[in-house]
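Here is how the chains run, residue by residue.
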Amino acid sequence: MAAQSSTVVVDEATIASFKAQLRGELIQPGDAAYDEARKVYNGMFDKRPRFIARCVDVADVISCVNFAREGGLLVAVRGGGHSAPGLGTCDGGLVIDLSPMDGVHVDPVEKTVRAEGGCVWGDVDHATHPFGLATPSGFISTTGVGGLTLGGGIGYLARAYGLTVDNLLSVDMVLADGSFVTANAEQHPDLYWAVRGGGGNFGVVTSFQFRCHDVGTVYGGPIFWPLDQAKQVLTFWRDFILGAPRDINGWFGFVAIPPAPPFPEQYHGQTMCVIVWCYTGDMDQAAARFEPIRAVGTPAMDLAGPVPWPALQSLFDALFPPGLQWYWKADFITDLSDQAIDLLVKYGGQLPTPYSTMHLYPVNGAVHDASPDAMAFNYRDANFSEVIVGVDPDPANNERMIEWARNYWLALHPYSAGGGYINMMMGEGSDQVRASYRANYDRLAQIKARYDPHNLFRVNQNIEPAK
Ligand SMILES: Cc1cc2nc3c(=O)[nH]c(=O)nc-3n(C[C@H](O)[C@H](O)[C@H](O)COP(=O)(O)OP(=O)(O)OC[C@H]3O[C@@H](n4cnc5c(N)ncnc54)[C@H](O)[C@@H]3O)c2cc1C
């Protein structure tokens, strides 16, 4: 991964002039707000930026980009701050913190939504829901629109309406040279191609415009089964989700049951397998559609039912507060063989800490509608996105949970498609980034050379400019 710290010294007059240009706050070491402002979601990363600029508008972002480029400062761009490898911060450089830019505008006639670059998905859901609309996002509402979208966006609506990038109509961006552009199918189509999966490599996105769909109340939520039924449930799920109509989605996971309501006390702390569902079809048919699912084995807890979309999206928010230690490993899988299922069950039954988990997200259905070269996101032939995460509040458990995640991933990797989802991996280096874009990598490197030839935006899953 490219260098992520810098020790450039900037003189006081230049700092004062930069500060005067900003309408947002400029936070520096020693300021009361500094320690809070430098935190990112993954508690494993404790970096000390030289400046944190809380941008309130595009003009602030332009000033930041110019200040960093002219001063030779390392730049980290922060949307929601959820990056697995802590890419929303850096040591010694400038953090462009977009979090104050959280405005959302819905066009209910055109069925589109425009979200500023610092929004989290909860901001978008809140704004679209009163119109009975939603755009595909993820599985949790506290994640940033910025990072999730730029990496692809895998969520509950993927089988029905595709990835988040498949619904991205246009972006406004500040480029490395400080210029402001709009990229969409007509304007800067190469940039539009690149930002749909290519991460934060090409500039700072100040707003995203998405297509929305008629999604208001869905039928969803988790159904849990005891661990000894995991093989049966996972085998059923694989076969079901590969052939199911697009209006039903469900991701499979291994989880430890939290010691809190609504979970009955007898299950607290037990490792179980779960499928978290989201059905967007006719509500009158929902119960009948779930009958064969409920007939699999003997579910221990069944919490699926009609639920407003924003409630499903935020169901797990409280379980994962900011500041925990997170270690991620990811792969795409095309065919989930019986042998792979045996391994998934083996390691899934050995969660090293109560927060640790393994999820398999379906990426078939509408995700397969786009061709692999339609945009930067390439894995259109994969059926599953696997993510293994060791999670715990206590850094003392890191070694144990990292070893589990690595061993789990290593065991499954021979059954994978090669690369993984860039939004769900740590800083694994340029080979893994390249593998994640496959044949699209070279074109990405050329577009990077056109828009960011000096790699100003390198605190990301970095694509180096083509020579
Ligand atoms: C609890 C949790 C749940 C998750 N669930 C899902 C899920 O359901 N589906 C899914 O697809 N992913 C999911 N992810 C992964 C998530 O997509 C990535 O972590 C993503 O990078 C987070 O985006 P962010 O804006 O919050 O992060 P940040 O740390 O702010 O940014 C991540 C990267 O994106 C860049 N970036 C962010 N905003 C902008 C912008 N406006 N302009 C330019 N660059 C920008 C940053 O520079 C950085 O490189 C989850 C992550 C967590 C921690």
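**Quick look at the overall build of the protein**
Item 1. Each helix and strand in the protein was counted, giving 14 helices and 19 strands.
Item 2. A principal-axis box enclosing the C-alpha atoms of the protein has dimensions of 70 × 50 × 40 Å.
Item 3. Residues counted as buried form 52% of the 467 residues belonging to the protein.
Item 4. For the protein, restricting intrachain contacts to residue pairs at least 6 apart in sequence, the fraction spanning at least 24 positions comes to 73%.

**Quick look at helix α4 (residues 121-128)**
Item 1. Every buried residue belonging to α4 is among W121, G122, V124, D125 and T128, and all of these are buried. The buried residues of α4 occupy one face: seen down the axis, they fall within an arc of 160°.
Item 2. Where α4 is buried, its residues touch β5 (104-107), β6 (112-116), β7 (133-134), α5 (145-151) and α10 (309-313).

**Some thoughts on the pairing of strand β9 (residues 180-184)**
Item 1. With 5 bridges connecting them, strand β8 (residues 168-174) and β9 associate as antiparallel partners. Across the sheet, the residue bridging to V171 is A183, located in β9.

**Some points on the sheet that holds β9**
Item 1. One open sheet holds the 5 strands; their spatial order is β5-β6-β10-β8-β9, and the pairing between them is antiparallel. In this open sheet, the two strands that pair with only one neighbour each are β5 and β9. Ignoring strand direction, the axes of neighbouring strands in this sheet form an average angle of 15°.
Item 2. Where β5 meets β6, 4 bridges bridge the pair, whose relative direction is antiparallel. Bridge pairing links V106 to V113 in β6.

**Description of the domain arrangement of the protein**
Item 1. Structurally, the protein comprises domain 1 (12-97), domain 2 (104-214 + 436-448) and domain 3 (217-424).
Item 2. At the interface, 36 residues of domain 2 touch 35 residues of domain 3.
Item 3. Only α4, α5, α6 (158-161), α7 (189-195) and α13 (430-437) provide two or more residues apiece to the side of domain 2 that touches domain 3.

**Thoughts on the site of the ligand**
Item 1. Of all residues adjacent to the ligand, which total 34 residues, the nearest are G80, G138, G144, G146 and G147.
Item 2. If you list the elements that add at least two residues to the shell around the ligand, you get β3 (75-78), α5 and β10 (204-211).
Item 3. Taken together, the residues of the shell around the ligand sort by class into 14 nonpolar, 19 polar and 1 charged.

**Quick notes on the nonpolar core**
Item 1. Core analysis: the biggest nonpolar cluster contains 142 residues, and V75, L94, I96 and W328 have the highest contact counts within it.
Item 2. Apart from residues lying up to four places away in sequence, L94 is in contact with P49, R50, F51, A53, C64, F67, A68, L73 and V75.

**Considerations on unusual backbone geometry**
Item 1. Cis geometry is adopted by the peptide bond preceding P262, which originates at P261 and carries an omega value of 10°.
Item 2. For P262, the position within the fold is in the loop between β13 (248-256) and β14 (271-279).
Item 3. Even without a glycine there, the phi angle at H188 is positive, about 45°.
Item 4. Position of H188 among the secondary structure elements: in the loop between β9 and α7.
Item 5. Note on H188: 21 C-beta atoms within 10 Å, which makes it buried.

**Remarks on the environment of I241**
Item 1. Of note, I241 is situated in helix α8 (residues 230-243).
Item 2. Separated by 123 residues in the primary sequence, I241 and N364 have C-alpha atoms spaced 8.4 Å apart.
Item 3. Discounting chain neighbours no more than four positions away, the residues touching I241 are G250 and P362.

**Re helix α14 (residues 441-451)**
Item 1. Among the residues of α14, Y441, L444, I447, K448 and Y451 are the ones counted as buried. Around the axis of α14, the buried residues are gathered within 120° of arc, so they sit on the same side.
Item 2. Residues of α14 that are buried in the fold lie against α7 and α13.

**Thoughts on the packing of helix α11 (residues 338-348) against helix α12 (residues 398-412)**
Item 1. For the pair α11 and α12, the least separation of the axes is 10 Å and the interaxial angle reads 170°. By the angle class used here, α11 and α12 are roughly antiparallel. Every residue of α12 that contacts α11 at A340, L343, L344 and Y347 is listed here: N407, Y408, A411 and L412.
Item 2. A breakdown of the residues in the contact of α11 with α12 according to their chemical character gives 7 nonpolar, 1 polar and no charged.

**Digging into the sheet that holds β3**
Item 1. Judged by pairing direction, the sheet is mixed, and its 4 strands sit side by side in the order β1-β2-β4-β3 without closing on themselves. Pairing within the sheet leaves two strands with one partner each, and these edge strands are β1 (26-27) and β3.
Item 2. Pairing between β3 and strand β4 (residues 94-97): 4 bridges, direction parallel. Bridging across to β4, A76 finds its partner in V95.
Item 3. On the sheet, helix α3 (residues 58-71) packs against β2 (51-54), β3 and β4 and is oriented at approximately 165° with respect to β4.

**Digging into the packing of α8 against α11**
Item 1. α11 packs onto α8 with a crossing angle of 135° between their chain directions and a minimal axis gap of 10 Å. Compared by their axis directions, α8 and α11 come out oblique. Between α8 and α11 lies a crossing whose hand is right-handed. Counting all contacts with α8, which are made through A230, K231, L234 and T235, the residues of α11 involved are I341, L344, V345 and G348.
Item 2. Class assignment of the residues belonging to the contact of α8 with α11 gives a composition of 5 nonpolar, 2 polar and 1 charged.

Cut-off values and rules
Residues numbered from 1 in each chain as written. Predicted model: local features only at pLDDT ≥ 70, side-chain atom pairs only at ≥ 80, totals over all residues. Helix = DSSP H or I, 4+ residues; strand = E, 2+ residues; numbered from the N terminus. Buried ≥ 20, exposed ≤ 12 C-beta atoms within 10 Å, placed from the backbone. Contact = placed C-beta atoms within 7 Å. Arc of directions from axis to C-beta. Pairing = 2+ DSSP bridges. Axes fitted to C-alpha atoms, helices over the stretch in contact; angles between N-to-C directions. Domains from an automatic or database assignment. Near = placed C-beta within 6 Å. Nonpolar A, V, L, I, M, F, W, Y, C, P; charged D, E, K, R; others polar. Core = buried A, V, L, I, M, F, W, Y, C linked by C-beta atoms within 7 Å. Parallel < 35°, antiparallel > 145°, perpendicular 65-115°, else oblique. Left-handed = near helix turned anticlockwise from the far one by under 90°.

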